[in-house]
Amino acid sequence: MKIIALAGSSSNTSINKRLATYAAGLFESGEVEVLDLNDYELPLFSVDKEKELGQPETAHAFLEKIGSAEVIVLSVAEHNAGLTVAFKNIYDWASRQHKKVWQDIPMLLLSTSPGKHGGKNAMEAAKISLKWYGGNIRATFSLPSFNENFDTEAGKISNKDLDDALKAIVQNFDYGKET
Ligand SMILES: Cc1cc2nc3c(=O)[nH]c(=O)nc-3n(C[C@H](O)[C@H](O)[C@H](O)COP(=O)(O)O)c2cc1C
């Protein structure tokens, strides 16, 4: 089973990328590919830029990569109570080539931040948006206070209760299509 893990962040030290990578590894018999949003960098989307650049190959490549997944593990980062520009940018470019960017592929949606809300505003923003664009969110999990609850060296959640909660979500993951 091909699992694509990605963060809604282009940070080289993204905590959401760490969380997505860990969560993706919890799926049994999964082959995990971790995407880096820096590989999908494009100028800031505008209709004027679109006139200039047309349908960039980079956005096409992003759509193809997403389409190759059987499960998507996306962890969204929170900037000013919303989604990051880096994530929204490739999402916007991609949506101009194919409206169903997320292609109805079963998704585990995550978020984390150093704060106690764990990026829940970004998660809510993602939930509102993705459902219109082929998002098939089967389960969600927010990790609060990343620095206290994640062991970066070991690459795993250090808080047992939170770790157990995520493991249960993965074990009970429902691959069915949205009705
Ligand atoms: C411009 C900016 C705005 C931010 N706004 C929020 C916020 O609204 N809520 C929050 O919990 N964290 C906020 N943060 C902190 C991020 O959660 C933190 O930088 C986190 O590491 C981002 O995730 P990432 O490492 O995956 O990129 C903000 C950080 C930046 C740089």
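This report concerns the structure included in the present document. Note that this is a predicted model, so its numbers are computed, not measured.

### A few points about the site of the ligand
Here comes step 1: Near the ligand lie 16 residues; those nearest to it are Ser9, Ser14, Asn16, Ala77 and Ser113.
Here comes step 2: Of the residues assigned to the shell around the ligand, the class counts are five nonpolar, ten polar and one charged.

### A look at helix 4 (residues 85-95)
Here comes step 1: Listing the buried residues of helix 4 in full gives Ala86, Phe87, Asn89, Ile90, Tyr91, Trp93 and Ala94.
Here comes step 2: Summarising the contacts, the buried residues of helix 4 are in contact with strand 1 (2-8), helix 3 (57-67) and strand 3 (71-76).

### Digging into the sheet that holds strand 4 (residues 106-112)
Here comes step 1: Taking strand neighbours across the sheet as the criterion, the five strands line up as 2-1-3-4-5 in an open arrangement whose pairing is parallel. Two strands in the sheet have a free side with no partner beyond their single neighbour: strand 2 (31-34) and strand 5 (136-143). Direction aside, neighbouring strands of the sheet carry axes that sit 20° apart on average.

### Points about the nonpolar core
Here comes step 1: The biggest cluster of nonpolar side chains holds 50 residues, and the ones touching the most others in it are Ala20, Ala23, Ile72, Val73, Leu74, Ile90 and Leu110.
Here comes step 2: At the level of elements, strand 1, helix 1 (15-25), helix 3, strand 3, helix 4, strand 4, helix 5 (120-130) and strand 5 are the ones that each hand at least two residues to this core.

Scoring rules and cut-offs
- Residues numbered from 1 in each chain as written.
- Predicted model: local features only at pLDDT ≥ 70, side-chain atom pairs only at ≥ 80, totals over all residues.
- Near = placed C-beta within 6 Å.
- Nonpolar A, V, L, I, M, F, W, Y, C, P; charged D, E, K, R; others polar.
- Buried ≥ 20, exposed ≤ 12 C-beta atoms within 10 Å, placed from the backbone.
- Helix = DSSP H or I, 4+ residues; strand = E, 2+ residues; numbered from the N terminus.
- Contact = placed C-beta atoms within 7 Å.
- Pairing = 2+ DSSP bridges.
- Axes fitted to C-alpha atoms, helices over the stretch in contact; angles between N-to-C directions.
- Core = buried A, V, L, I, M, F, W, Y, C linked by C-beta atoms within 7 Å.

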